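Now for the letters of each chain:
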Amino acid sequence: MHKKKIASVTLLATAALLTACGQNKGASSSKQVMKTAVTGEISTLDSSKYGDTISSETLQNSMEGLYRFDKKGQARLAGAVKVTKSKDQKVYTFTLRKNAKWSNGDPVTAQDYVIAWRRTIDPKNDSLDSDSYQVIKNGTDIVAGKKKVSSLGIKALDKYKLQVTLENPIQYLPDLLTGAQFYPQDTKIVKKYGSSYGTSSSKLVYNGPFTVSQWTGSNLKWTLKKNKTYWNAKSVSLSAVKVQVIKTTSTGLNLYKGGQLDYAPVDSDYVKQYEKNADYHTKTTPTNGYMVFNLKRKTTGNVHVRRAISLGVNKQELVKTVLHSGKAAQGFVASDFIYDENGKDYRTSAGKLMTYNLKQAQKEWALAKKQLGKSKITIELLTSDMDASKRVGEYLQSNLMENLPGLTVKLRSIPLKSRLADTSKHNFDMVYGTWQPSFQDPIDYLTIGGLFNLESDYKNSTFWKEINQAKSTYATQPAKRQASLIAAEKQLIQKDAFAAPLYQAGVSYLLKSKVTGFRLSPYGTVAYYWDVKIK
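Everything numeric in this text was worked out from a predicted model, so none of it was measured.

J.: How should the overall build of the chain be read in this particular structure?
T.: For the chain, the helix and strand inventory stands at 17 helices and 21 strands. Over its C-alpha atoms the chain spans a radius of gyration of 23 Å, differing by no more than 12% from the 24 Å that the globule rule assigns to 535 residues. Principal axes of the C-alpha set define a box for the chain whose edges measure 65 × 60 × 45 Å. Looking at the 535 residues of the chain, the share that counts as buried comes to 61%. When the accessible surface of the chain is split by element, carbon and sulfur atoms take 48% of a total near 20,500 Å². Computing the positive centroid from 79 side-chain charges and the negative centroid from 44, the chain places the two 3 Å apart.

J.: It is not clear to me how the environment of Phe 182 should be interpreted in this structure. Could you clarify?
T.: Take Phe 182: it is sitting in the loop between α4 (173-176) and α5 (187-193). Under the relative-accessibility criterion, Phe 182 is labelled buried at 1%. Each C-alpha atom of the pair Phe 182 and Thr 120 lies 8.4 Å from the other, and the pair is 62 residues apart in sequence.

J.: In this structure, what is going on with the sheet that holds strand β4 (residues 80-85)? I would like to understand it.
T.: Judged by pairing direction, the sheet is antiparallel, and its four strands sit side by side in the order β4-β5-β7-β6 without closing on themselves. What marks the edges here is a single partner per strand, and that holds for β4 and β6 (154-158). The sheet shows a mean angle of 25° between the axes of neighbouring strands, direction not considered. As paired strands, β4 and strand β5 (residues 91-96) are joined by five bridges and run antiparallel to one another. Note that in β5 the partner of Ala 80 across the bridge is Leu 96. Where helix α2 (residues 110-121) meets the sheet, it contacts β5, β6 and β7 (161-165), and its direction lies at approximately 165° from that of β6.

J.: Before we go on, may I ask you to explain the layout of surface pockets in this structure?
T.: If you roll a probe as big as a water molecule over the atoms, it shows you where there is empty space left. Approximately 740 Å³ is the volume attributed to the largest pocket. Around the largest pocket, the lining is made up of 30 residues, and of these Tyr 172, Asp 441, Ala 470, Ala 475 and Arg 481 lie nearest the centre. Among the elements of the structure, α14 (442-447), α16 (461-471) and α17 (478-495) are those that each provide at least two residues to the lining of the largest pocket. The biggest single contributor to the lining of the largest pocket is α17, with four residues. Considering only residue class, the lining of the largest pocket consists of 13 nonpolar, 11 polar and six charged.

J.: Before we go on, may I ask you to explain helix α8 (residues 303-312) in this structure?
T.: Because an α-helix packs 3.6 residues into every turn, residues spaced three or four apart end up facing the same way. Within α8, eight of the 10 residues are buried, leaving the element largely enclosed by the surrounding structure. Residue Asn 302 occupies the N-cap position of α8, its side-chain oxygen lying 2.8 Å from the main-chain nitrogen of His 304.

J.: What's the story with α17 in this structure? I'm lost.
T.: Its 18 residues give α17 an end-to-end C-alpha distance of 24 Å, which sits within 8% of 26 Å, the value for a rise of 1.5 Å per residue. Within α17 the residues assigned to the buried category are Arg 481, Gln 482, Ser 484, Leu 485, Ile 486, Ala 488, Glu 489, Gln 491, Leu 492 and Ile 493. Summarising the contacts, the buried residues of α17 are in contact with α10 (346-350), α14, α15 (454-457), α16 and β17 (499-511). Of the residues one or two after α17, Ala 497 is the one with positive phi, at around 50°.

J.: Even after reading the chapter, I still don't get the packing of α8 against helix α11 (residues 358-372), so can you show me in this structure?
T.: Relative orientation and spacing of two packed helices are given, respectively, by the angle between their axes and the distance between those axes. Put simply, α8 and α11 touch, their axes get as near as 8 Å, and they point 155° apart. By the criterion of interaxial angle, the relationship of α8 to α11 is roughly antiparallel. As for how α8 packs across α11, the hand of that crossing is left-handed. Residues His 304, Val 305, Arg 307, Ala 308, Leu 311 and Gly 312 of α8 lie in contact with α11, whose contacting residues are Leu 358, Gln 360, Ala 361, Glu 364, Trp 365, Leu 367, Ala 368, Gln 371 and Leu 372. Taken together, the residues of the contact of α8 with α11 break down into nine nonpolar, four polar and two charged.

J.: Help me out: how do you make sense of the sheet that holds strand β9 (residues 221-226) in this one?
T.: The strands that make up a sheet pair up through hydrogen bonds in the backbone, lying either parallel or antiparallel. Spatial ordering of the open sheet is given by β1-β10-β9-β8, a layout of four strands whose pairing is mixed. The sheet terminates laterally at β1 (33-38) and β8 (210-213), the two strands that pair on one side only. Shown here is a sheet whose adjacent strand axes are inclined to one another by a mean of 20°, direction ignored. One ladder, built from six bridges, connects β1 with strand β10 (residues 240-245); its direction is parallel. Paired with Thr 36 across the strands is Val 243, a residue of β10.

J.: What am I meant to see in the pattern of salt bridges here?
T.: As a working rule, side chains carrying opposite charge can pair if their charged atoms are close by. Inspection of the entire model under this criterion finds 17 salt bridges. In this structure, Asp 70 and Arg 76 form a salt bridge, with 2.9 Å as the shortest nitrogen-oxygen distance. Judged by its relative accessible area of 46%, Arg 76 is partly exposed. Among the charged side chains, a salt-bridge network with shared partners connects Glu 41, Lys 247 and Asp 385.

J.: Help me understand a positive patch on the surface in this model?
T.: A surface patch of like charges, here positive, comprises Lys 35, Lys 221, Lys 225 and Lys 242. Among the structural elements, Lys 35 can be located in strand β1. The exposure class assigned to Lys 35 is partly exposed, which follows from its relative accessible area of 34%.

Reading the values: rules and limits
- Residues numbered from 1 in each chain as written.
- Predicted model: local features only at pLDDT ≥ 70, side-chain atom pairs only at ≥ 80, totals over all residues.
- Heavy atoms only, no water.
- Helix = DSSP H or I, 4+ residues; strand = E, 2+ residues; numbered from the N terminus.
- Rg over C-alpha atoms; globule rule 2.2 N^0.38 Å.
- Buried < 20%, exposed > 50% of the residue type's maximum accessible area, 1.4 Å probe, protein only.
- Areas by Shrake-Rupley, 256 points an atom, 1.4 Å probe, with all protein chains shown as cover.
- Lys, Arg positive; Asp, Glu negative; His and termini not counted.
- Charge placed at Lys NZ, Arg CZ, Asp CG, Glu CD.
- Pairing = 2+ DSSP bridges.
- Axes fitted to C-alpha atoms, helices over the stretch in contact; angles between N-to-C directions.
- Contact = heavy atoms within 4.5 Å.
- 1 Å grid on protein atoms, 1.4 Å probe; cavity = no way out; pocket = protein on both sides within 12 Å on 5 of 7 lines; lining within 4 Å.
- Points joined across faces, edges and corners; volume = space filled by probe spheres on them.
- Nonpolar A, V, L, I, M, F, W, Y, C, P; charged D, E, K, R; others polar.
- Polar contact = N/O pair within 3.5 Å; in protein donor to acceptor, adjacent residues only side chain to side chain.
- Expected span 1.5 Å × (residues − 1).
- Parallel < 35°, antiparallel > 145°, perpendicular 65-115°, else oblique.
- Left-handed = near helix turned anticlockwise from the far one by under 90°.
- Salt bridge = Lys/Arg side-chain N within 4 Å of Asp/Glu carboxyl O.
- Patch = residues over 30% accessible without salt bridge, like charges linked within 9 Å, V, L, I, M, F, W, Y side chains within 5 Å.

This is the structure:
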């Protein structure tokens with residue numbers, strides 16, 4: 001997921017089928033085709049409306065913004081060739097790349113960024129990523145409906161010059177602007193398709209390494225084709241990536257064992273089976289696995305219910321017996337990811353919040369039942385219907401019912417697109433998902449991070465005061481800023497239990513040695529194909 005949101009995703013499954021001609025040492029175009037499996041469907045190709053990792057991955061391989069991550073995971077200028085900053089570090093002026101074109105031949109202009117960003121932040125479009133724009137001048141007021149969309153701090157100075165004005169100085173702007181929610185959109189195409197823009201692969205155009213074809217809006221197969229109009233097309237070796245949705249890990253692994261895939265995810269019980277295989281790779285990512293509660297419902301609106309559930313999940317056991325990779329969450333902000341000016345991990349400074357504590361969980365549960373006047377309580381847990389999500393859901397159901405007497409947890413597993421819609425519409429008690437961050441700062445986790453309905457539902461004044469201080473008053477005072485962020489996280493997670501952190505996700509996969517240049521994003525599980533070459 002950006003809200004980029006909860007992007008309930010687990011591991012992508014990417015794959016390559018080597019044809020007979022692929023056995024030759026030459027890099028012929030017919031050889032450079034990768035056959036890929038992903039664990040969920042695309043929800044949309046409208047960069048103003050996506051909310052899941054599969055859509056994000058597709059967009060990141062077919063679109064390009066002002067910045068793109070390089071091979072070392074550093075944000076580098078891409079759609080722009082130059083940037084200057086004002087003395088107060090609030091105004092950025094970007095000189096766009098004049099040789100950048102859309103796949104229909106249109107030039108990529110400053111106005112294409114203006115129209116895209118305004119669409120994303122416009123409350124009428126109900127974007128899952130509008131919160132990302134709070135760092136841009138007037139962004140917060142626009143999201144709240146207090147100012148016009150046209151007041152957003154973005155301006156086309158001329159055809160190839162773009163000015164971006166921030167609310168306050170931030171150090172992570174380049175990382176932030178790599179996100180799909182900040183991509184441009186061809187102004188002419190947006191006007192042509194209106195509300196249907198991005199609902200199928202034919203209803204938009206592309207300015208990145210690949211184009212997307214054969215996605216109708218609901219089907220489970222599509223193709224990424226090398227974009228011949230991409231300004232750096234000569235650096236792209238793959239001629240195509242053929243993608244299909246495979247929701248069960250076993251199916252992907254069987255295809256891998258049969259020589260039909262070059263990349264396959266390994267999760268849950270399969271990790272132990274393959275961890276000694278020469279093709280096996282694993283790493284811990286900053287992606288969160290967590291639950292969010294619906295504060296508008298009587299049961300989950302009770303803070304003692306939320307605390308009991310947050311404290312009552314045996315997170316270590318979840319990682320050990322179900323996930324077999326990653327680690328138990330100590331808070332909502334990931335560990336080993338964000339460091340202060342002295343090199344100290346944020347998570348170490350913030351401490352352990354809402355870790356497993358059965359005794360305290362049962363105390364909170366007793367208080368909840370007393371306040372609600374019930375000895376038995378039923379709560380529904382919403383998950384996507386992807387195999388890994390259902391496995392986690394089943395564990396949570398069993399573990400919570402065992403640990404909290406009188407609790408019945410009912411599971412509802414539906415397609416990801418429907419799960420995202422139901423969450424936005426408050427059609428849930430508690431929902432499980434995963435969140436991949438957009439940039440290396442606690443503010444991303446605490447104000448965006450998959451926290452559905454945070455702005456509308458969570459009114460704690462202490463939390464918002466600390467967040468606002470971190471954004472403005474202490475923007476250039478790192479120590480005080482971090483203190484405010486830590487206080488905000490404790491209020492949100494420890495005191496009010498708006499969300500329950502579960503684990504920090506691991507990525508485990510099998511990769512054939514014939515595939516070179518394959519990378520995952522520095523923030524999680526999005527696969528990058530533009531440097532891939534098949535030997």
